[in-house]
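Fold and geometry: a report
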Amino acid sequence: MEKHYKIQNLPKSTVHLNVSHNLIEYTSKRFFEYAKYLSTLDLSFNRLTSITVDTFNGLRKLRYLSLDNNKLVYNSHSFPRNTFRDLKSLSHLSLKNNNIRYDYCKPFPEDTIVDLSALEQLEMDACLCGDDFFGKGFHKLKKLKSLELRNNFRCALSKYTFKNTKYLQNVLLHGIGEISFRKGTFRKLRYLEHLEMSFNSEKGGIVSPVENIAEDFIHTSIETLKLGQSAIPLNTFPLYILNKEMYKNNITEICLTDNAGNAGHFPIPMGAPPPTLQILDLSNNSLTRFLLDIKNITRLILKQNLLGDFLSTKSYFEKKTDEYFSVIEIIDISQNDIKELAPFTFDSQPFLKHIDLSNNKIQDITFDLSCLLALDFQNLSNNRIKYFNESVMCIINTIVIHKQLTIDLSKNVLECTCKTIPFFTMDDRKQCFIC
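These numbers come from a predicted model, not from an experiment.

**A short note on the overall build of the protein chain**
For the protein chain, the helix and strand inventory stands at six helices and 23 strands. Counting every position in the protein chain, which comprises 435 residues, the buried fraction comes to 52%. Excluding contacts between residues fewer than 6 apart, the proportion of contacts in the protein chain whose partners are at least 24 apart in sequence is 68%. When the accessible surface of the protein chain is totalled, it reaches about 20,200 Å², and 49% of it is carbon and sulfur.

**Focus on empty space enclosed by the protein**
Where empty space is left can be seen by rolling a probe of water-molecule size over the atoms. Taken as a whole, this structure holds two cavities of 30 Å³ or more when the rule is applied. For the second largest cavity, the calculated volume is near 40 Å³. Residue lining of the second largest cavity: Phe-138, His-139, Leu-141, Lys-142, Asn-164, Thr-165, Lys-166 and Tyr-167, and that is the complete set. When the residues that make up the lining of the second largest cavity are grouped by side-chain class, the tally is three nonpolar, three polar and two charged.

**A short note on the pairing of strand S5 (residues 121–125)**
Across the five residues of S5, four count as buried, placing the element largely inside the fold. Across three bridges, strand S4 (residues 92–94) lies against S5 in parallel orientation. Paired with His-92 across the two strands is Gln-121, which belongs to S5.

**Here we look at unusual backbone geometry**
Here Asn-82, not a glycine, exhibits a phi torsion of approximately 80°, which is positive. Structurally, Asn-82 is set in the loop between strand S3 (64–66) and S4. Its relative accessible area of 29% is what places Asn-82 among the partly exposed residues. The backbone of Asn-382 sits at a positive phi, close to 55°, despite the residue not being glycine. Its location among the elements puts Asn-382 in the loop between strand S21 (377–379) and helix H5 (390–402). Asn-382 sits in the partly exposed class, given a relative accessible area of 30%.

**Points about a positive patch on the surface**
A grouping of Lys-136, Lys-140, Lys-142, Lys-159, Lys-163, Lys-166, Lys-188 and Arg-190 is seen on the molecular surface, where their side chains present a positively charged patch. Here Lys-136 shows up in the loop between strand S6 (128–129) and strand S7 (146–150). Look at Lys-136 and you get exposed, because its relative accessible area is 67%.

**Thoughts on the pairing of S7**
Of all five residues in S7, four are buried; the element is thus mostly enclosed. Here S5 pairs with S7 via five bridges, running parallel. Among the inter-strand pairings, Glu-123 is bridged to a residue of S7, identified as Glu-148. Sheet analysis places S7 next to strand S9 (residues 170–176), joined by five bridges and oriented parallel. The partner of Ser-146 across the bridge, within S9, is Asn-170.

**A closer look at the environment of Gly-308**
Here Gly-308 is to be found in helix H4 (residues 308–311). Considering only alpha carbons, one finds Gly-308 and Ser-334, 26 residues apart in sequence, at a separation of 10.0 Å. Ignoring anything within four residues of it in the chain, the contact list for Gly-308 reads Asn-336, Asp-337, Ile-338 and Glu-340.

**As for the pattern of salt bridges**
Here the structure, examined in full by the defined rule, presents 10 salt bridges. Where Glu-253 meets Lys-226, a salt bridge forms, and the shortest distance between an N and an O atom there is 3.9 Å. Within this pair, whereas Glu-253 is found in strand S14 (residues 253–257), its partner Lys-226 is found in strand S13 (residues 224–228), the two being separated by 27 residues in sequence. Given a relative accessible area of 16%, Glu-253 falls into the buried group. Close ionic contact of Asp-337 with Lys-339 constitutes a salt bridge, the shortest N to O distance being 4.0 Å.

**Quick look at the environment of Glu-223**
The residue Glu-223 is located in the loop between helix H2 (211–214) and S13 in this model. Since its relative accessible area comes to 33%, Glu-223 is described here as partly exposed. C-alpha separation for the pair Glu-223 and Ile-254, spaced 31 residues apart in sequence, amounts to 8.5 Å. Filtering out sequence-adjacent residues up to four positions away, Glu-223 remains in contact with Glu-193, Asn-250, Ile-251, Thr-252 and Glu-253.

**Quick notes on the packing of aromatic side chains**
Taken as a whole and assessed by the stated rule, the structure comprises 17 aromatic pairs. Consider the rings of Tyr-74 and Phe-108, whose centres lie 5.3 Å apart with planes at 70°: the pair is edge-to-face. In this pair, Tyr-74 sits in the loop between S3 and S4 while Phe-108 sits in the loop between S4 and helix H1 (110–113), placing the two residues 34 residues apart along the sequence. Neither residue differs from the other here; Tyr-74 and Phe-108 are each classed as buried. Seen from their ring centres, Phe-79 and Phe-84 are 6.3 Å apart, and the 45° between their planes marks the pair as tilted. Like Phe-79, the residue Phe-84 is buried in the burial classification. Taken together through their ring pairs, the aromatic side chains of Phe-32, Phe-56, Tyr-74, Phe-79, Phe-84 and Phe-108 make up a single cluster.

Parameters and conventions
- Just so you know, the residues in each chain are numbered from 1, in the order the chain's sequence is written.
- With pLDDT at 70 or above as the cut-off, local features in this predicted model cover only qualifying residues; side-chain atom pairs require 80 or more to be listed or tallied, and sums for whole chains, interfaces and linings still use all residues.
- With hydrogens and water stripped out, all remaining heavy atoms of the structure feed into the side-chain values.
- Helical segments are the DSSP runs of H or I of at least four residues, strand segments are the runs of E of at least two, and each set is numbered from the N terminus.
- Using a 1.4 Å probe on the protein chains alone, a residue whose accessible area is under 20% of its type maximum counts as buried, one over 50% counts as exposed, and one in between counts as partly exposed.
- Whether two residues are in contact is decided by their heavy atoms: any pair within 4.5 Å suffices.
- Note that accessible areas follow from Shrake-Rupley with a 1.4 Å probe, and for residues the cover is restricted to the protein chains shown.
- A cavity here means a set of points on a 1 Å grid, drawn over the protein atoms and nothing else, where a 1.4 Å probe fits but cannot get out; a pocket is an open set with protein on both sides within 12 Å along at least five of seven lines, and a residue lines either one if it has an atom within 4 Å of a point.
- Grid points are joined across faces, edges and corners, and a volume is the space filled by probe spheres set on the points.
- Residues are grouped as follows: Ala, Val, Leu, Ile, Met, Phe, Trp, Tyr, Cys and Pro are nonpolar; Asp, Glu, Lys and Arg are charged; every other residue, Gly included, is polar.
- Two strands qualify as a pair provided that DSSP identifies no fewer than 2 bridges between them.
- Patches in this entry comprise residues that are over 30% relatively accessible and not in a salt bridge; like charges within 9 Å are linked, as are nonpolar side chains (Val, Leu, Ile, Met, Phe, Trp, Tyr) within 5 Å.
- Basic side-chain nitrogens of Lys or Arg form a salt bridge, by our definition, when they fall within 4 Å of a carboxyl oxygen of Asp or Glu.
- Positive charge is attributed to Lys and Arg, negative charge to Asp and Glu, and no charge count is given to His or to the chain ends.
- Charge positions are represented by NZ for Lys, CZ for Arg, CG for Asp and CD for Glu.
- A pair of aromatic rings is counted whenever rings of Phe, Tyr or Trp (Trp by its six-membered ring) have centres within 6.5 Å, and the orientation is called stacked for planes under 30 degrees apart, edge-to-face for over 60 and tilted otherwise.

Printed below as a string of structure tokens:
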């Protein structure tokens, strides 16, 4: 006689159920018999090797399902046809860290995925992602907007890869060993807004010319581009090609990060950034120089670089004329081995609200603060500051009169003197400092 195992004493009104980390090895057709109102179900970090056809029977209200970190190889044995037939409301499915054995790497069974007509977000493994990874069954997922692929040993993408997932808005590729592109890879994703790739730094990174995808962007709705550990030094990265194509769409954010060890400088010839660009993140790239027209950029992140020597005599803002100004609001130049900044570093940036100079080697405030009347937070933590000179104290007094200002001076070497103690402890300023 067949035995059916199920979760005992589960209230019928249960909406959220987390049974992760429970050493579950299999499920039967009545496993969730009393859970017909479930909205979220977490089965991650168990020992599942297969799902029976009737495991999810009756879960018509389920919207989120996580099967992460099991032993569920992507094939028809682990996920037989009709496994998801009752999941009419499922909008988010996560299958990460299952299909990661190189010799078992297969596309997900298209006869199984086809039943998820309400699916909007999918997270899965893709050890070898190529032309046929998303079969015809994916064509039925008309609502699929977000796709995250992990554990990619090698990706060879072409115009056929996403032919059945043309409604995607967000594509995230994480943990890639090596990736190549052919022209046309993203051309049919006209709704694509967010493209994000991060690489395994020990592997090859991007091995195709960036030109192969840059020209595709004019056919998309791209707004955000993030490339991490791409293994391409910025002094040879053809950013001018991206820039040329980005001028033709509405790009608002570019992040090229974590290429430390590939020392470079910036910019290479590229012209002014696209006028729609608001956020530029070049963190952890071993940059030794940075000079750019940031007129329309509101957030500039340059942390974890090597800009100390450069910024001691120059600004990061390339001004065209004396009247030229930037709308920048946030600048992060922390962890740059900065000992001092040029006096004019923050000139012509009247909207600057947040300055992060933490984790440097600053001993004195050598830059001009008098023009920063919009400033509300300055991070000077983890430096070597002993005191403020009288000129700096006067300027801070002026700013405090107009608005609330917070200055983080924690983990410095502040000295207690007759001048500094009254300045830091007066009623109108004691809320200003974090020491």
